[in-house]
Amino acid sequence: MSARRIVILGGGTGGTMVANRLRRRLGPEDAEIHVVDRDDRHVYQPGLLFVPFGLAHVDEIVRPRRRQLLPGIVFHEVGVDAVALDREVVRLADGSDLPYDVLVVATGARLQPEETEGLTGPGWNERVFTFYTAPGAEALRRALEWFDGGRLVVNLVDMPIKCPVAPLEFVFLTDWYLHERGIRADTELVFATPLDGAFTKPVASEHLGALLEEKGIELVTEFNAGEVDGTGGVLGSFDGRTLDFDLLVTVPLHGGAPFVERSPGLGDVLGFVPTDPRTLQTPAAANVFALGDATDLPTSKAGSVTHFEAEILSDNVVRHLRGDELVARYDGHANCFVETGFHKALLIDFNYDTEPLPGHYPYAFGLPLLRESRLNHLGKLAFQWIYWHALLPGREIPGIGPTMPAAGKRPPAHA
Ligand SMILES: Cc1cc2nc3c(=O)[nH]c(=O)nc-3n(C[C@H](O)[C@H](O)[C@H](O)COP(=O)(O)OP(=O)(O)OC[C@H]3O[C@@H](n4cnc5c(N)ncnc54)[C@H](O)[C@@H]3O)c2cc1C
């Protein structure tokens, strides 16, 4: 039998991990592996958080995509135009067709700042910023250097967003940065969110809300941003409330990749790909799988989630090729280090059924959960090395499995 063709759309976190994991498991006689991405710049996105504070530089967190792929993987630097599910073909932006036996969608989420009235109008990248892109994070670094106090508002427009804790981390680090510069007392810090608390999950929300209060950061809840006046410095919500700002840091609306909308039967109305929460196969076709930010799954859009999914998805692609039954093993496992400033971080670990709880990870004597510690901060910093050298190449990390460990967690009644 000739080699089957696996086409992976997106050469970011998920696409790279899956390609390398499959290359390790399947020889060239079993599978041709193709990765398609529109550019050759792989950004370590968690590093964007540190750029505005001068703690990282953009050139330190970007590497060529093709160099992250193991030998024997074909990289196509071209956009995806659409998928024709009925013909099992990907149409590329250069007009050529790429047929597949198995398709993996890993095209992430796109930012849509233009969807909020006025957001990209006058003041954009002058007093209104986002750190969710490399140019935005760099422009914000320059603005923060000049900032000498006033009212600084951090806002996420709507869920879902990549890394739901990143806006909170940003406001905590801003508090630290302003202290370092001696202008914290001259600054009102505001965190405005569409959620009814600091975070999505009740126990974590309580802990993170208490931290905001401790640091003197005003929390504005159920604020659905609808309009930005970048000249007058006013952020308006759909219910008529307004927040004045001297500097606004926003996390824009997210949607799926536009080609998903151009591919009949692949996506939902937001451009995300409906995906089986346990197997990561899509209902679009038995030979189409999806992972990471591109899916509609009810877990965080996070690199950790993408990594855990990559393990199970790769296994299921191999099973599909062999005609074996898929494993329904993904449990929604997510974990995130949350920088809280002053060289500390806390860690949260959860899945579809269990919200973030106090305790330790991954065992009873591991990293502290939901508690600020220097160890967690060091873990967050070490993560970049682990990302490039272990996760992306598809290596196993001893003691870290794709499903959530229950050992070490304390349920709320005993917290
Ligand atoms: C500021 C910030 C901080 C973060 N911090 C953390 C953190 O601390 N911990 C954590 O776990 N996660 C974090 N994340 C989230 C994490 O980076 C993402 O969840 C993860 O990268 C998702 O992987 P993915 O493969 O789904 O998407 P991506 O890595 O974004 O890859 C998608 C790829 O698809 C390509 N693509 C899209 N459309 C097309 C097209 N039409 N044609 C060709 N190519 C296309 C893109 O170029 C991109 O390379 C953070 C994200 C941000 C923005």
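How each quantity is defined
- Residues numbered from 1 in each chain as written.
- Predicted model: local features only at pLDDT ≥ 70, side-chain atom pairs only at ≥ 80, totals over all residues.
- Heavy atoms only, no water.
- Bend = angle between axes of the 7 residues up to and from the residue.
- Helix = DSSP H or I, 4+ residues; strand = E, 2+ residues; numbered from the N terminus.
- Buried < 20%, exposed > 50% of the residue type's maximum accessible area, 1.4 Å probe, protein only.
- Polar contact = N/O pair within 3.5 Å; in protein donor to acceptor, adjacent residues only side chain to side chain.
- Lys, Arg positive; Asp, Glu negative; His and termini not counted.
- Salt bridge = Lys/Arg side-chain N within 4 Å of Asp/Glu carboxyl O.
- Contact = heavy atoms within 4.5 Å.
- Expected span 1.5 Å × (residues − 1).
- Phe/Tyr/Trp six-rings, centres within 6.5 Å; stacked < 30°, edge-to-face > 60°.
- Lys NZ or Arg CZ within 6 Å of the ring centre and 35° of its normal.
- Core = buried A, V, L, I, M, F, W, Y, C linked by side-chain atoms within 4.5 Å.
- Pairing = 2+ DSSP bridges.

Engineer: Got a minute to help me understand helix H7 (residues 374-391) in this structure?
Structural biologist: Structurally, the α-helix is built with 3.6 residues per turn, so residues lying three or four positions apart point the same way. Along H7, the sharpest change in direction is near 40 degrees and occurs at tryptophan 385. Listed in full, the buried residues belonging to H7 are Asn376, His377, Gly379, Lys380, Tyr387, Trp388, Ala390 and Leu391. At the N-terminal boundary of H7, the capping side chain belongs to serine 373, with an oxygen 3.4 Å from the backbone nitrogen of leucine 375.

Engineer: It is not clear to me how the side chain of aspartate 331 should be interpreted in this structure. Could you clarify?
Structural biologist: Here aspartate 331 shows up in the loop between helix H6 (303-322) and strand E22 (334-341). Arginine 278 provides the closest opposite charge to the buried, salt-bridge-free aspartate 331, at an N-O distance of 6.1 Å. A polar contact of 2.8 Å, which involves the side chain of aspartate 331, links it to the backbone nitrogen of methionine 404. Sequence-distant contacts of aspartate 331, that is, excluding residues within four places in its chain, are made with Arg278, Asn351, Tyr352, Pro402, Thr403 and Met404.

Engineer: Before we go on, may I ask you to explain helix H1 (residues 13-25) in this structure?
Structural biologist: Its 13 residues place the ends of H1 19 Å apart at the C-alpha level, agreeing with the 18 Å of an ideal helix rising 1.5 Å per residue. Where burial is concerned, most of H1 is hidden: eleven out of the 13 residues are buried.

Engineer: Explanation requested: the packing of aromatic side chains in the structure shown.
Structural biologist: How two aromatic rings sit relative to each other is given by the distance of their centres and the angle of their planes. Using the criterion set out here, one finds eight aromatic pairs in the structure. An aromatic cluster is defined as three or more aromatic residues linked by ring pairs; in this entry it consists of Phe53, Phe131, Tyr132, Phe170 and Tyr177. Here the basic side chain of lysine 301 rests over the ring of phenylalanine 272, its NZ or CZ set 4.3 Å away from the ring centre.

Engineer: How should the nonpolar core be read in this particular structure?
Structural biologist: When a protein is soluble and globular, its nonpolar side chains tend to lie buried together. By size, the foremost hydrophobic cluster in this structure holds 96 residues, and its most contacted members are Ile6, Phe131, Phe170, Leu208, Val317 and Ile348. Here the element with the most residues in this core is helix H3 (residues 166-181); it accounts for nine residues. When sequence neighbours within four positions are dropped, the list of residues in contact with isoleucine 348 reads Val165, Phe199, Ala334, Asn335, Cys336, Val338, Pro356, Leu369 and Leu370. Tyr100, Leu103, Val260 and Ala290 belong to the second-largest nonpolar core, a separate cluster that totals 21 residues.

Engineer: Whenever I open this one, the sheet that holds strand E13 (residues 187-192) confuses me. Can you help?
Structural biologist: Strand pairs in the sheet, formed through backbone hydrogen bonds, run parallel or antiparallel to each other. With respect to topology, five strands assemble into an open sheet ordered E11-E18-E12-E13-E14, the strand pairing being parallel. The outermost strands of the open sheet, each flanked by one partner alone, are strand E11 (128-129) and strand E14 (218-220). When E13 meets E14, the two strands line up parallel, connected through three bridges. Residue pairing in the sheet places alanine 192 in a bridge with valine 220 of E14.

Keep in mind that these numbers describe shape and distance, not what the molecule does.
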